[in-house]
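Spelled out from the first residue to the last, the chains are:
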Amino acid sequence: MDSIAYGPHRDQVADLYLPAADGRAPLVVVLHGGFWRAQIDREHAQPEARALAALGYAVANLEYRRVGAGGGWPTTFDDVARALDLLPELIEDTRPGRIDRNRIVYIGHSAGGHLALWAAARHRLPSESAWRTETAPQVAGVVALAPAANLVDAYQRGNGNGAVAELLGGGPEEFPERYAATDPSALDTADIPIIVVHGDRDQRLPIEMARGYSTKSGAELVELPGIGHFELIDPDSTAWPFVVQALRRLTESVDQQHR
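Rules used in this analysis
- Residues numbered from 1 in each chain as written.
- Predicted model: local features only at pLDDT ≥ 70, side-chain atom pairs only at ≥ 80, totals over all residues.
- Heavy atoms only, no water.
- Helix = DSSP H or I, 4+ residues; strand = E, 2+ residues; numbered from the N terminus.
- Buried < 20%, exposed > 50% of the residue type's maximum accessible area, 1.4 Å probe, protein only.
- Areas by Shrake-Rupley, 256 points an atom, 1.4 Å probe, with all protein chains shown as cover.
- Lys, Arg positive; Asp, Glu negative; His and termini not counted.
- Charge placed at Lys NZ, Arg CZ, Asp CG, Glu CD.
- Salt bridge = Lys/Arg side-chain N within 4 Å of Asp/Glu carboxyl O.
- Contact = heavy atoms within 4.5 Å.
- Core = buried A, V, L, I, M, F, W, Y, C linked by side-chain atoms within 4.5 Å.
- Phe/Tyr/Trp six-rings, centres within 6.5 Å; stacked < 30°, edge-to-face > 60°.
- Pairing = 2+ DSSP bridges.
- Axes fitted to C-alpha atoms, helices over the stretch in contact; angles between N-to-C directions.

A. Structural view of the overall build of the protein chain. Counting its regular elements, the protein chain contains eight helices and eight strands. Per-residue burial for the protein chain yields a buried fraction of 58% across its 259 residues. Accessible surface computed for the protein chain: about 10800 Å², of which carbon and sulfur atoms make up 46%. Once the 24 positive and 35 negative side-chain charges of the protein chain are each reduced to a mean point, those two points are 2 Å apart.

Here it is in C-alpha cells:
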C-alpha cells in the first residue's frame with residue numbers, strides 16, 4: 001500500500017492498493033462515509049479497499065478534510081473535486097502501467113456515496129460554481145452504497161444528528177445556493193451509469209431516499225432485503241457479492257465497448 005498526496009494538507013491523500021497481478025487494472029476510487037465528520041477517516045474503508053484489490057482492482061482509498069478538522073463547506077468539496085481530477089495522473093506517474101484509465105469507477109458509502117454522486121454530476125453544477133466541469137467525468141460509472149442522495153431530505157429528517165447542517169453551515173432556507181451546488185437530487189439526470197445499492201433495513205439513511213433519487217435521476221437501484229447500513233462495506237456480509245456484481249457490471253461494460 002502506498003499513499004499518494006494530492007495536496008499539501010495531511011488529509012489530502014489517498015492510499016493506493018494494487019492487485020497482485022501485473023498490468024493495468026480498473027481503478028476504483030473509494031469515498032468513505034461517516035457523515036462527513038472528522039471522527040471517521042479512511043481507515044473505516046480499509047477492509048473494503050483490501051477486498052477489492054484482492055479481486056483484481058487498483059483501489060485508491062480517498063481521504064478528504066471533514067467537519068471538525070478543517071472540512072465542511074466548501075473545503076470538503078474542494079478536496080474531492082481536486083482529488084478526482086488529479087489522482088489518475090498522479091497514480092500513473094508513480095505507478096506507470098498499473099491502472100486502466102478507461103475503467104475508472106467511483107464507489108462511495110453513506111456520506112461518501114453522496115460525494116460520489118455529486119462528483120458524477122459536476123458538469124451540471126451552477127455556472128458560477130468553481131467545481132463545475134464542462135463535460136461529464138470520464139469514468140465507467142458510480143456505485144453508491146446507501147448514499148445520502150438527497151441533502152434536503154436528510155436535513156429535514158435529521159439524519160446523522162444534524163450532519164447535513166454541519167456540512168453546509170445550516171439548512172436549505174438559510175443557504176439555498178449551497179444545497180443547489182452540492183445536492184445530487186438537485187442536479188438532474190445522470191449522464192453516466194450509476195448503480196445505487198441500498199438495504200431496506202437501513203436505519204441511518206432510509207431506502208426511500210434512494211428510491212426517490214433513482215426515480216428522478218434514472219440511476220439503477222438495487223434493493224437488498226434485510227440489509228442495514230454497514231453490511232454494504234463488509235466483505236464478509238451477504239450484501240458484499242451484490243456490491244462486487246455492480247462494480248463488475250460497470251467495468252465489464254467498458255470492456256465490451258472497446259471490443
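B. Representation of the pattern of salt bridges in the model. Applying the stated criterion across every chain yields a total of 17 salt bridges. When the shortest N-O distance is used, the salt bridge between Arg-95 and Asp-2 registers 2.6 Å. Remark: Asp-2 occurs in strand 1 (residues 2-5) and Arg-95 occurs in the loop between helix 2 (75-94) and strand 5 (99-109); sequence separation between them is 93 residues. The exposure class assigned to Arg-95 is partly exposed, which follows from its relative accessible area of 33%. The shortest N-O distance in the salt bridge between Asp-79 and Arg-65 comes to 2.7 Å. In this pair, Asp-79 sits in helix 2 while Arg-65 sits in the loop between strand 4 (58-62) and helix 2, placing the two residues 14 residues apart along the sequence. By relative accessible area, Asp-79 is classed as buried at 0%. Bridged by salt links that share partners, the residues Asp-11, Asp-15, Arg-42, Glu-63 and Arg-66 form one connected network.

C. Here's a closer look at helix 1 (residues 46-54). Buried within helix 1 we find Gln-46, Glu-48, Ala-49, Ala-51, Leu-52 and Ala-53. Where helix 1 ends, the next residue or the one after it, Gly-56, has phi of about 105 degrees, a positive value.

D. Examining the side chain of Gln-46 more closely. Among the secondary structure elements, Gln-46 is positioned in helix 1. Other than its neighbours up to four places away in sequence, Gln-46 contacts Tyr-17 and Asn-61.

E. Region of the structure containing the environment of Val-105. Within the secondary structure layout, Val-105 lies in strand 5. Considered as a pair, Val-105 and Leu-247 are 142 residues apart in the sequence and their alpha carbons are 7.6 Å apart. Ignoring anything within four residues of it in the chain, the contact list for Val-105 reads Leu-27, Val-28, Val-29, Ala-140, Gly-141, Val-142, Val-143, Leu-247, Leu-250 and Thr-251.

F. Representation of the nonpolar core. Judged by nonpolar contacts, the single largest core of 58 residues is most densely connected at Trp-36, Leu-62, Tyr-106, Trp-118, Val-142 and Ile-194. If you look at the next biggest cluster of nonpolar residues, it comprises 30 residues, including Val-30, Tyr-57, Ile-233 and Trp-240.

G. Inspection of the packing of aromatic side chains at higher detail. Tallied over the full model, the rule gives seven aromatic pairs. A centroid spacing of 5.1 Å and a plane angle of 70 degrees characterise the contact between Phe-77 and Trp-118, whose relative ring orientation is edge-to-face. Taken together, the residues Phe-77 in helix 2 and Trp-118 in helix 3 (residues 111-120) connect sequence positions 41 residues apart. On the basis of relative accessibility, which here comes to 0%, the residue Phe-77 falls in the buried class. One aromatic cluster in this structure is built from Trp-73, Phe-77, Trp-118 and Trp-131.

H. The arrangement of the sheet that holds strand 2 (residues 13-17) in detail. Reading across the sheet, the eight strands line up as 1-2-4-3-5-6-7-8 and stay open at both edges, with mixed pairing between neighbours. The sheet is open, and its two edges are formed by strand 1 and strand 8 (220-224), each paired on a single side. In this sheet, neighbouring strand axes are inclined to one another by 20 degrees on average, regardless of whether the strands run parallel or antiparallel. In this sheet, strand 6 (residues 141-145) lies alongside strand 5 in parallel orientation, the contact comprising five bridges. Of the residues in strand 6, the one forming a bridge with Tyr-106 is Val-142. Along the sheet face, helix 2 touches strand 1, strand 2, strand 3 (25-31), strand 4 and strand 5 and points at about 140 degrees away from the line of strand 5. Sitting on the sheet, helix 7 (residues 207-217) is in contact with strand 7 (194-199) and strand 8, with an inclination near 160 degrees to strand 7.

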